[in-house]
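The primary structure of each chain is shown beneath.
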Amino acid sequence: MTATSRPALRGIVEEFLFREAALLDDWRLDDWLDLFTHDARYMVPSTDLPEGDPGRDLVFIDDDIMRLRARVARLNSRHSHRENPRSRTRRFVSNVRVEETEDRQLSVSANVLVYRFRSGEGAPYVGSVEYVLRRDGEDLRIAYRRAVLDMEDLSWHGAVSIIL
Amino acid sequence: MKNAAEPMDIRDLVIDDRKRGVFRVHRSCMASPDLFQRERRLIFDRCWIYLGHESEVERPGDYRRRTVAGRPLFFVRGKDGQVRVFLNSCPHRGAMICRRDGGNAKILRCFYHAWSFNTEGELIGVPGRDAYGPNFDPAELGLKKPARVDSYRGFFFVSFNPDAEDLRTYLAGARDYLDLVVDQTQEGMRVVPGSNKYAIKANWKLLAENSLDGYHLIPTHRTYVDYMAGLGTDDSGDSLAARPPGAGRALGNGHCVSENISRNGRPIARWHPVFGEEAKERIARTRRRLVREYGEKRAFRMADTSRNLLIYPNLLIMDFVAISIRYIEPVAPDRMEVTAWHLVPREESGAALATRLDSYLTFLGPGGFATPDDVEALESCQTGFRASENEWSDISRGMLKSRPGTSDELQMRGFWRQWHANMLGRNTTNVQDGQPTESQAAAADSEADGLGHRASAR
Ligand code: FES
Ligand SMILES: [Fe+2]
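Residues numbered from 1 in each chain as written. Chains lettered and ligands numbered in written order. Predicted model: local features only at pLDDT ≥ 70, side-chain atom pairs only at ≥ 80, totals over all residues. Heavy atoms only, no water.

A few points about the coordination of the iron ion (ligand 2)
Residue and element names in this part refer to chain B. Around the iron ion (ligand 2), the protein supplies His216 (NE2), His221 (NE2), Asp374 (OD) and Asp374 (OD) as donor atoms, at distances of 2.0 to 2.3 Å. Viewed at the metal, the 4 donor atoms of the iron ion (ligand 2) are separated by angles of 59 to 152 degrees, and the geometry they form is irregular. Donor residues for the iron ion (ligand 2) sit on one chain with the sequence pattern H-x4-H-x152-D. (Donors = N, O, S within 2.8 Å, 3.2 Å for Na, K, Ca; no water. Tetrahedral: all angles 85-135°; square planar, octahedral: opposite > 155°, others 65-115°.)

Set out below in structure tokens:
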């Protein structure tokens with residue numbers, strides 16, 4: 001991926017994000033985990049503090065790769081009751097923007113709409129996801145992933161029980 | 001369940017047979033709109049209800065808005081340093097004065113017709129004042145306050161009942177447990193920025209119960225228990241029987257606690273591998289300080305025991321992997337709104353604070369490894385209540401024991417007994433399982449309960 005033009009770069013990133021979304025909607029969480037680097041972080045700030053810093057503020061989720069693996073193991077088990085039986089989800093990823101950083105990482109943001117259906121009810125999570133993607137040969141890896149919700153609270157869902 | 005045409009007699013909603021050890025709650029208590037209205041009147045309009053923490057309004061002019069027992073309120077720190085609480089509704093024609101969750105202001109101006117108030121609540125500006133007649137008295141048109149406001153160790157409460165007993169008396173046995181939390185810090189506690197707000201499609205009392213319920217821990221939170229065990233929790237077995245029993249207590253006035261020797265880390269002074277080697281020395285230092293200041297016994301309770309404390313009716317202080325303030329706002333018989341905040345010692349910053357913030361997120365919060373499954377459990381119960389031929393819920397565990405543990409349910413019965421008394425229009429009741437016979441009381445006195453203090457004679 002040297003000297004890729006901007007639209008081509010966005011195409012590559014979109015391809016990656018669409019593949020990621022499909023893995024999540026198909027509940028192929030182990031394959032999804034493989035997209036991450038070993039020093040990766042996954043973060044979801046509180047709805048009332050979108051700029052929240054997990055070192056200072058209360059957030060919903062702040063996982064290093066160990067806890068992210070544990071989160072996936074939990075979601076894969078029969079004992080994660082909020083997701084057993086699993087909810088149906090459908091993700092729509094759009095408005096993808098890509099910036100190349102000085103250290104040749106990609107700083108990406110995308111709008112997401114994740115519809116979740118379960119127990120006779122359905123509602124969306126609406127927000128944006130920011131990524132830092134690292135090149136790994138021809139492939140990309142997620143080094144940082146932060147999902148920022150636009151809802152004022154979790155009154156529709158009661159929890160963040162799926163990966164956002 | 002009885003249909004609305006023939007509502008149950010309030011007296012029959014709770015079966016409390018202390019001799020036979022039978023305790024049942026009629027499920028209409030969680031579903032009936034009439035009972036919900038009655039709770040509003042006889043509980044939420046009469047008790048002390050949590051509003052917020054002093055640290056949320058540090059500087060003069062800092063304000064926060066809240067919904068408390070259905071009312072929009074806000075609290076603001078005045079120029080004189082006093083915290084005042086106002087009904088968030090303009091004395092002119094009702095618009096909300098405070099339309100943000102928080103901020104800082106010198107003057108509070110209503111956007112509708114631009115009346116303005118100072119942080120003491122006085123009306124200080126009325127555009128076109130001269131058009132009002134001589135009987136228009138600005139002194140009568142200041143911001144309205146709830147009937148009572150008081151605080152205990154930084155926790156502010158309001159009551160809409162002018163005749164409410166004073167807050168200290170109301171808190172009864174819960175005061176000592178609040179002290180155990182607040183005394184952990186040298187410089188005072190503060191709420192960190194950010195809150196977890198979520199709604200549960202279930203009756204509010206189910207969360208009050210659930211937050212004190214040790215019996216559900218292993219089946220509901222197996223994934224959490226397994227995760228912590230994987231990180232090096234000293235887990236001597238995952239069966240109920242293998243766990244230390246802890247203690248469930250009714251503290252009077254409906255306040256209850258479930259208290260346990262902690263198996264996981266406590267950021268204050270009980271190290272756990274999840275905190276990392278570098279935290280070891282710091283945590284040992286804090287522990288030495290607590291022993292110095294409070295003696296071995298009380299330091300042990302602060303450092304090594306965890307407590308889930310219910311301040312009746314709708315506040316929880318969860319002091320285990322971190323300290324969470326959890327406020328429950330009932331909005332309908334089958335719906336509650338929950339807000340959780342994280343309370344930390346002011347002197348902690350940098351790595352210590354980061355460790356504590358991280359510890360919170362393992363269990364607590366709607367994105368944690370446990371709370372989502374509690375939400376699921378409560379919603380599942382609420383849906384189950386529609387099977388109305390199944391009229392009763394059982395809350396009798398440990399009722400005939402002399403010393404109920406956390407997986408028993410005295411701490412829930414204490415809540416329900418107060419609730420039932422309130423619903424019958426009474427203020428107080430015997431919340432314990434029974435009057436102790438002399439020999440029981442002597443036995444309780446002669447035996448420490450493993451939590452560093454004697455069980456009180458019940
Ligand atoms: S309603 Fe507030 S100024 Fe009129
Ligand atoms: Fe729970």
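Having seen the model, we can carry on.
A look at the packing of aromatic side chains
Residues and elements named next belong to chain B. Applying the stated criterion across every chain yields a total of 19 aromatic pairs over all chains. Seen from their ring centres, Phe320 and Phe363 are 5.0 Å apart, and the 80 degrees between their planes marks the pair as edge-to-face. In this pair, Phe320 is assigned in the loop between strand E18 (315-319) and strand E19 (323-332) and Phe363 in helix H8 (residues 350-363), connecting sequence segments 43 residues apart. In this structure Phe320 comes out as buried when scored by relative accessible area, which is 14%. Residue Phe363 is classed as buried on the basis of its relative accessible area, which comes to 8%. Site record: aromatic cluster; members linked through ring pairs are Phe44, Trp204, Tyr312, Phe415, Trp416 and Trp419. The ring centre of Phe160 lies 3.8 Å from the NZ or CZ of Arg71, which sits over that ring. (Phe/Tyr/Trp six-rings, centres within 6.5 Å; stacked < 30°, edge-to-face > 60°. Helix = DSSP H or I, 4+ residues; strand = E, 2+ residues; numbered from the N terminus. Buried < 20%, exposed > 50% of the residue type's maximum accessible area, 1.4 Å probe, protein only. Lys NZ or Arg CZ within 6 Å of the ring centre and 35° of its normal.)

Thoughts on the pattern of salt bridges
All names here are of chain B. For the structure shown, the criterion picks out 56 salt bridges over all chains. For Glu379, the salt bridge goes to Lys201, with nearest N and O atoms at 4.0 Å. Highlighted residues: Glu379 in helix H9 (residues 371-384) and Lys201 in the loop between strand E14 (196-200) and helix H4 (204-210), separated in sequence by 178 residues. Between Glu281 and Arg285 there is a salt bridge, with the nearest N and O atoms lying 3.9 Å from each other. Here the residue Glu281 and the residue Arg285 both occupy positions in helix H7 (residues 280-304), the gap between them amounting to 4 residues, near one helical turn. (Salt bridge = Lys/Arg side-chain N within 4 Å of Asp/Glu carboxyl O.)

Everything listed is a geometric property; what it means functionally is a separate question.
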